[in-house]
Amino acid sequence: MLDLFSNSRPDKQEIYPDLFVLANFVKTAPLLKEVEQIIEVSPFRKMMTPNGHYTGVALTNCGEYGWTSDRKEYRYSKIDPLNGRPWQSMPDRFKALAIEAALAAGFENFEPDACLINQYLIGTKLGSHQDKNEKDFSQPIVSVSIGLSAVFQIFGNQRAGKAVNYRLQDGDVVVWGKSARLNYHGIRTLTVDKLNPTCQQRINITFRKSH
Ligand SMILES: O=C(O)CCC(=O)C(=O)O
Ligand SMILES: [Mn+2]
């Protein structure tokens, strides 16, 4: 029978060519515990960018390389510029998740060496951009959502292309590569979830092969 009121989603959905959503793929409480340990050493911070503005989202990293930015450029660095120390190593649980999700979306041999962790508070957004500071575009991006839901937008190969919108929930993983690897994407301004008003932040973890 057609269930008009079901809100269940397919486990795996290609919402754009070579861009897959793995719905409710991972339990996030253990991931959040790892993030809490990472931010004790390398806290969330907004970073200055070459266009003279600070990032809207606060971020940190773990793994061999971390994505950073300053007045001069965007780059991957082995050192956290805030504390002058190497980033915390990528937890085994993170690496295993990244590889498993990539595989589930059809990307074999993913070897992430960088893990960017974004913190979105209500009212923040991430404008349309490409992930293009990596040296190896043959490997996918794996992106994990924790906490408050948010609308992911994919614009194709133009910054202001027609958007495909998808609301990401806690535990969802997005994987993109091949023809989608350099597609523009972003996150719409976060709003309060009326059904869960105490949830005030979204954490996003993206795994990349930077070198
Ligand atoms: O928060 C997200 O889901 C996407 C994050 C992202 O695109 C990035 O960090 O480059
Ligand atoms: Mn991105």
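See the structure shown above.
Owing to the predicted nature of the structure, the values given are computational and were not obtained by experimental measurement. (Residues numbered from 1 in each chain as written. Chains lettered and ligands numbered in written order. Predicted model: local features only at pLDDT ≥ 70, side-chain atom pairs only at ≥ 80, totals over all residues.)

1. Brief notes about the site of ligand 1
Reasoning step 1: Taken together, L116, N118, L126, D131, S143, F152, H185, I187, N204 and T206 make up the full set of residues near ligand 1.
Reasoning step 2: Elements represented by at least two residues in the shell around ligand 1 include exactly β8 (114–121), β14 (184–187) and β15 (201–208).
Reasoning step 3: Residues of the shell around ligand 1, tallied by class, amount to 4 nonpolar, 5 polar and 1 charged. (Near = placed C-beta within 6 Å. Helix = DSSP H or I, 4+ residues; strand = E, 2+ residues; numbered from the N terminus. Nonpolar A, V, L, I, M, F, W, Y, C, P; charged D, E, K, R; others polar.)

2. Description of unusual backbone geometry
Excluding glycine, residues mostly have negative phi values, and the peptide bonds linking residues are mostly trans.
Reasoning step 1: For D18, which is not glycine, the phi torsion reads 65° and is therefore positive.
Reasoning step 2: Relative to the helices and strands, D18 resides in the loop between β1 (12–16) and β2 (19–22).
Reasoning step 3: Given 17 C-beta atoms within 10 Å, D18 falls into the partly exposed group.
Reasoning step 4: Although it is not a glycine, K178 adopts a positive phi angle of roughly 45°.
Reasoning step 5: Checked against the element boundaries, K178 lands in the loop between β13 (173–176) and β14. (Buried ≥ 20, exposed ≤ 12 C-beta atoms within 10 Å, placed from the backbone.)

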